[in-house]
Amino acid sequence: MNRVRCLVLNSALGPLDYRLPDGMIAPPGTVVECPLGPRTILGIVWEPERLPTNEVPVEKLRPLRGLLPVPPLSAPLRRLVEWTADYYVASLAGVARMALSSGGALRGPASITEYRLTGAPPERMTAQREAAIGALEGEQATIRELAGMAGVSEGVLRGLVAQGVLEPVIVDCDRPYDPPRPDFAVPELEPEQRAAAKRLCEAVRSRDFMPFLLDGVTGSGKTETYFEPVADALRMGRQVLVLLPEIALTENFLHRFEERFGVAPVLWHSSLKSTERRRAWRNVAAGDARVVVGARSALFLPFADLGLIVVDEAHETSFKQEDGVRYNARDVAVMRARFEGVPVILASATPALESLQMAESGIYEKLDLPSRFGGAQLPAIATVDLTQEKPGSGHWLAPRLVAAMEERLARGEQSLLFLNRRGYAPLTLCRNCGYRFQCPNCSAWLVEHRFTRRLACHHCGHETAQPETCPECGEPDCLVACGPGVERIADEVAERLPEARVFVATSDTLNSPGRAGEFIAWVEAGEIDVIVGTQLVTKGFHFPDLTLVGVVDADLGLEGGDLRAGERTYQQISQVAGRAGRGEKPGEVLIQTRHPEAAVIAALAAGDRDAFYEAETEARRHAGAPPFGRWAAIIVSSEDDAEAREAANRIGTFRPHVDDLLILGPAPAPMALLRGRYRYRFLINARRSVQLQAVIRSWLSVINHPAGVRVSVDVDPYSFV
Ligand code: ADP
Ligand code: ZN
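Residues numbered from 1 in each chain as written. Chains lettered and ligands numbered in written order. Predicted model: local features only at pLDDT ≥ 70, side-chain atom pairs only at ≥ 80, totals over all residues. Heavy atoms only, no water.

Q: Help me understand the overall build of the protein chain, please; the structure alone is not making it clear to me.
A: Scanning the protein chain from N- to C-terminus turns up 19 helices and 29 strands. Computed over the C-alpha atoms, the radius of gyration of the protein chain is 28 Å, within 12% of the 27 Å expected from 2.2 N^0.38 for a compact globule of 721 residues. Expressed along its principal axes, the backbone C-alpha trace of the protein chain runs to roughly 85 × 80 × 65 Å. By residue count, 53% of the 721 residues in the protein chain fall in the buried class. Considering only contacts in the protein chain between residues 6 or more positions apart, those separated by 24 or more positions represent 76%. In the protein chain, 80 side chains carry a positive charge and 92 a negative one; their mean positions are 6 Å apart. (Helix = DSSP H or I, 4+ residues; strand = E, 2+ residues; numbered from the N terminus. Rg over C-alpha atoms; globule rule 2.2 N^0.38 Å. Buried < 20%, exposed > 50% of the residue type's maximum accessible area, 1.4 Å probe, protein only. Contact = heavy atoms within 4.5 Å. Lys, Arg positive; Asp, Glu negative; His and termini not counted. Charge placed at Lys NZ, Arg CZ, Asp CG, Glu CD.)

Next comes the structure, spelled out in structure tokens:
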């Protein structure tokens, strides 16, 4: 049979059959070039019986154009692509594209020319040349990259090449990485850590699928513990994937990894340069990238011999991808481990209810680290009732919190204030006419950023300069900021503790690994007294002199009535509380709230995690919410409101009637306008017994829409906007 079935990388097309030219060998997984009309499209040879058939007679088939010089995608990865497409109601092509996520890597071995300084001076020194040479000290990269680093044109650098100031170096694009050394610096584990590590190492050696929930309080040393099975996998010559929820956390992780294993791991995330991407991809496929640390997309890398997967901070909602294929990396990680036949470790101090439930029902094995490393105590937590202890008008910090910060300042210790709101104020309005600044593309207010003097939308990135007068009534000096963001809290700290050195830590200020690294160094050197930060500073950081955490507004996350609001608030506040008192000095946490009696807040204050999870479990069971029932959302959107509404209504008329399945909507989504698109939503709630995906797929497959309409399905949604 010289007929092959290919998954082609075009979501609009189903699988296509081709003829295998004489002498060409293409087992399943082979990446091939397929003719399509006058064009060529990438495809992956697949097991024909696993894809829908097409009836083209063999003599009509076109021959494949060629094979790409990469190893075939493995069977476990192919099964993962199928599972992900099926579970998340996505196209196979859309998922397969994630597995071939480096175009360059598919083109075979290559080398590039990079340049570096020779030490020779230029014939004539100009200010620009001097600046460029200063900036490029110790760097080696392509001319274009060097020009970017030095802030000069490529022409200037070519001039320096001609004069021998810069010299070319031919670099193999796919040169291997230094392998991590499993025995480089083996730590002395504490008894609890040792017991957990032993169990995990056994699992790695057994080469079998086995999901673990590593449930350890903040500061218990989960990282040190799971580094042991990582070392074992390395000793066996196998590869390891570690998923982190946020690039901002990698700097800290890389550092610790290097201390333990002697070299840095291989990084994978969306902002890699294309050369780094292809190098990583090809080394992963060759089995030479031994430990990969990455964001969600690393799950679809073509590992040659995977031995272990770790998902750190596994409860984090940023593991949920919110565009394209809407998958949850935590769940896909478990599936990849299952197809690969290897253990997977979900590590967290505040596991998702779904994960705890899996442990309770015996599907995941739970390993506990109940105490902090080195005898450090968990912090004392208290609430500050803002209805009783008022901060005063125009202020947000209650006297007790301010006093606690003053104490820390006097003792040379550090404080962290947490407020999950970037910018200065979430809303700006005109005192004269009531005009509110709204995003033209989204149902959202513009957020004032005082550092940059701009108003910005946090959903679409729309920005405008802060005007002097009201655009509606023309009055000068009448615009008022409503409510606080972190910048405003920092102003208040500066006003109340004038001698304190304050740093605002958000994605605006820590927007690169370099800046995150600087921030860590400043805090460690004691050059910062008060950190005011968003959720970015709630996890991963370990600052021994940080002894006070203030939660500015614990009620913020509970507004909005999102299904997971309670759980998310609990996790966020426990994580940020976990930053306090990690060294020898005890920590204190003050939670400002208007509802100290709310179940979540009371459980946090009492340090009673079980009480929270029990209450939350009951509420979910009652609502048929996950893990007891399932949710899905369908969002219908268009740039034209009427078109979107009509399409949603049409879908509504075809709604299936299935037992134990409830369909709400269509209704305008809470964010009725997002990035210029009008949005209508269906929410679906089903018992676990319902074949939810099959119902949705057959429902949507019978309806055609105008080209401007987009219909996206979100299974197990996290975002309810
Ligand atoms: P978690 O991730 O559980 O919050 P970490 O892994 O950050 O905790 O550990 C807290 C701190 O304790 C880190 O500075 C870590 O290096 C240190 N630590 C934990 N276990 C050990 C150990 N066995 N030996 C030395 N240091 C350890
Ligand atoms: Zn916007």
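Q: Whenever I open this one, the sheet that holds strand β26 (residues 629-638) confuses me. Can you help?
A: Paired through backbone hydrogen bonds, the strands of a sheet run either parallel or antiparallel to each other. Read from one edge to the other, the open sheet built from four strands follows the order β27-β28-β26-β29, with strand pairing classed as antiparallel. Either end of the sheet is taken by a strand with one partner, and the two such strands are β27 (661-674) and β29 (710-715). With direction set aside, neighbouring strand axes in the sheet form an average angle of 20°. Of the pairings in the sheet, the one linking β27 to strand β28 (residues 677-687) comprises eight bridges and is antiparallel in character. Each bridged residue has a counterpart across the sheet, and for Leu 664 the counterpart in β28 is Leu 683. Helix α18 (residues 641-653) contacts β26, β27, β28 and β29 of the sheet and is inclined by roughly 20° relative to β28. (Pairing = 2+ DSSP bridges. Axes fitted to C-alpha atoms, helices over the stretch in contact; angles between N-to-C directions.)

Q: Teacher, can you tell me more about the coordination of the zinc ion (ligand 2) here?
A: Expected angles at a metal are 109.5 degrees for tetrahedral coordination by four donors and either 90 or 180 degrees for octahedral coordination by six donors. Coordination sphere of the zinc ion (ligand 2), protein contribution only: Cys 439 (SG), Cys 442 (SG), Cys 457 (SG) and Cys 460 (SG), at 2.2 to 2.4 Å. Considering all four donor atoms around the zinc ion (ligand 2), the spread of angles at the metal, 103 to 114°, places the coordination shape in the tetrahedral class. Written as a sequence motif, the donor residues of the zinc ion (ligand 2) are C-x2-C-x14-C-x2-C. The class for Cys 442 is buried, based on a relative accessible area of 1%. (Donors = N, O, S within 2.8 Å, 3.2 Å for Na, K, Ca; no water. Tetrahedral: all angles 85-135°; square planar, octahedral: opposite > 155°, others 65-115°.)

Q: Honestly, the environment of Gly 578 in this entry has me stumped. Any pointers?
A: Tracing the backbone through its elements, the reader meets Gly 578 in the loop between α15 (565-577) and β25 (588-593). We classify Gly 578 as buried; its relative accessible area is 2%. Residues Gly 578 and Ala 456, 122 residues apart in the sequence, show an inter-C-alpha distance of 31 Å. Here Gly 578 is in contact with Thr 218 and Arg 372, once residues within four sequence places are set aside.

Q: Sorry, what's going on with the sheet that holds β25 here?
A: The strand order β15-β25-β24-β16-β23-β22 describes an open sheet built from six strands, whose pairing is parallel. Each edge of the open sheet carries a strand with a single partner, namely β15 (380-385) and β22 (502-505). Ignoring which end each strand starts from, the neighbouring axes of this sheet average 20° apart. Its contacts with the sheet put helix α13 (residues 486-496) on β16 (414-418), β22 and β23 (530-533), and the angle it makes with β23 is roughly 155°. Across the sheet, helix α16 (residues 599-606) lies against β15 and β25, angled at about 140° from β15, the strand it touches most.

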